[in-house]
Each structure stands twice: as structure tokens, then as C-alpha cells.
Amino acid sequence: MLRLVVLISGGGSNLRALLEASEDAAFPARVVAIGADRDAEGLAHAEEFGIPAFTVPFTAYPDRESWGAELVEQLGVWEPDLVVLSGFMRLLPPAAVEALSPGLINTHPAYLPEFPGAHGVRDAIAAGVTQTGASVIVVDSGVDSGPIIAQERVAVLPGDTESTLHDRIKLVERRLLVQSVLDIADGTIDLKELA
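Residues numbered from 1 in each chain as written. Predicted model: local features only at pLDDT ≥ 70, side-chain atom pairs only at ≥ 80, totals over all residues. Heavy atoms only, no water.

Undergrad: How should I be thinking about the overall build of the protein chain in this particular structure?
TA: When its secondary structure is counted, the protein chain shows seven helices and seven strands. Secondary structure elements of the protein chain, listed N to C terminal, follow the sequence β-α-β-α-β-α-β-α-β-α-β-β-α-α. Compactness check: the protein chain gives a C-alpha radius of gyration of 16 Å against a globular reference of 16 Å for 195 residues, within 12% of the reference. Here the C-alpha coordinates of the protein chain stretch approximately 45 × 45 × 35 Å along the principal axes. The buried share of the protein chain, taken over its 195 residues, is 46%. (Helix = DSSP H or I, 4+ residues; strand = E, 2+ residues; numbered from the N terminus. Rg over C-alpha atoms; globule rule 2.2 N^0.38 Å. Buried < 20%, exposed > 50% of the residue type's maximum accessible area, 1.4 Å probe, protein only.)

Written as C-alpha cells, this is what we have:
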């Protein structure tokens, strides 16, 4: 059974997809803890599903490096096989990435390497493209630049807003994330080979 710790900054819709998938006894992964960098709405899922939660507030530390060191220490308590960044809106410092690698994955609402960064959906709309997508990647020390585990195209429809497009991307993102965790758990994907 693959032990997952999921890190969130917002509502945790991808987290919820993993929690729902792991309710199936046949699903080979379990979320053992949920972490956040702030008082995130998604922490409510921890309470609902009876999962321990912790917060390492970014603003409580003098710099990114000391915050990252505390985050790694908190993660270590749970002995995760895989750490999932799920709408986690903080860049991890290089030392934290190195400590968690290669068992550190992230979802992104674009077809990488297109539209990396915090505003992938907005950037796709602004660029006037007819399609964007969703990706699951191994985290490296760059910005959304790690090896791609899975990705899928999503059409940009006439009249799409950032919100309507993001809602459709999230549906694909959730499915890709659950499948990626399944593939990692059963050995179909070897993160050490990708990293």
C-alpha cells in the first residue's frame, strides 16, 4: 500500500478525488496525512475523511529555506512513499525538492511545457489557443519543468472564461492524478527512471 501525503493551498478538489478513490479497498494507495501552507479550505476534507492534517504556514518563517526545512521535517513524521502537490501554490526550495525526490509529484492545469507557472489557465486564454490541457509531473527544482508522468489535451471553447476552462481542466486533472498514483503504486510507472 502506497502511503501518500497530499499538500494543498486551496479547496483540495484533487485531494478529494484521491480520498474518494482510496475508499475502494482495491485502490493500492492511502492518504495518511494532509498538509497545507495556510488555513486552506481543503483541510475540511481531512476532518470529513478522518485523516490527520498539519499546517506549516509560510508566513511563520523568515525565508523559503527554513520553511521548506520544517515542511520536510513534518512530512517525515508520516513516512510517505509519495508526496502529492495538489494545488499547492508555493515553490519548494531546492533542498526540500532534493530531500523528497523522486517521490514528489504535482498537477498542473496546462499541457506542459506550455503555460507553466501559477496562471496556466489565464495564460492559455490570453494566448488565444484552441486547446490547453492538464499534466501530472515529477517535481524538480524548476517551475513546472519536471518529467511528465501523464497529460491530456482539453479544448478551449468559444466564450470560455478562466473559470469555465479551469473547471473542465480540473475534471481531467483529477482523473490523471488518480491514474498516475495507481500506476506508481502498481509499478507501471517508476519515478526513479523518470527523475
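Having put the structure on the table, let's press on.
Undergrad: How do you make sense of the pairing of strand 5 (residues 104-108) when you look at a structure like this?
TA: Consecutive residues of a regular strand have side chains that alternate between opposite faces of the sheet. Counting buried positions along strand 5 gives five out of five residues, so the element sits mostly inside the fold. What you see with strand 5 is no split at all: L104, N106 and H108 on one side and I105 and T107 on the other are buried throughout. Following the chain from strand 4 (residues 82-85) across helix 4 (residues 94-100) to the adjacent parallel strand 5, one finds a crossover that is right-handed. In the sheet, strand 5 pairs with strand 6 (residues 131-138) via four bridges, with the strands oriented antiparallel. Within strand 6, the residue paired with N106 across the bridge is I137. (Right-handed = clockwise from strand over helix to strand, strands pointing away. Pairing = 2+ DSSP bridges.)

Undergrad: Where do I start with the packing of aromatic side chains in this structure?
TA: Any aromatic ring pair is given by two values, namely how distant the centres are and how the planes are angled relative to each other. This structure, assessed with the given rule, holds two aromatic pairs. Pairing F58 with W67 gives two aromatic rings, centres 5.2 Å apart and planes at 75°, and the pair type is edge-to-face. Overall, F58 belongs to the buried group, its relative accessible area being 18%. Each ring, one from W67 and one from F88, has its centre 6.1 Å from the other, and the planes form 15°; the classification is stacked. (Phe/Tyr/Trp six-rings, centres within 6.5 Å; stacked < 30°, edge-to-face > 60°.)

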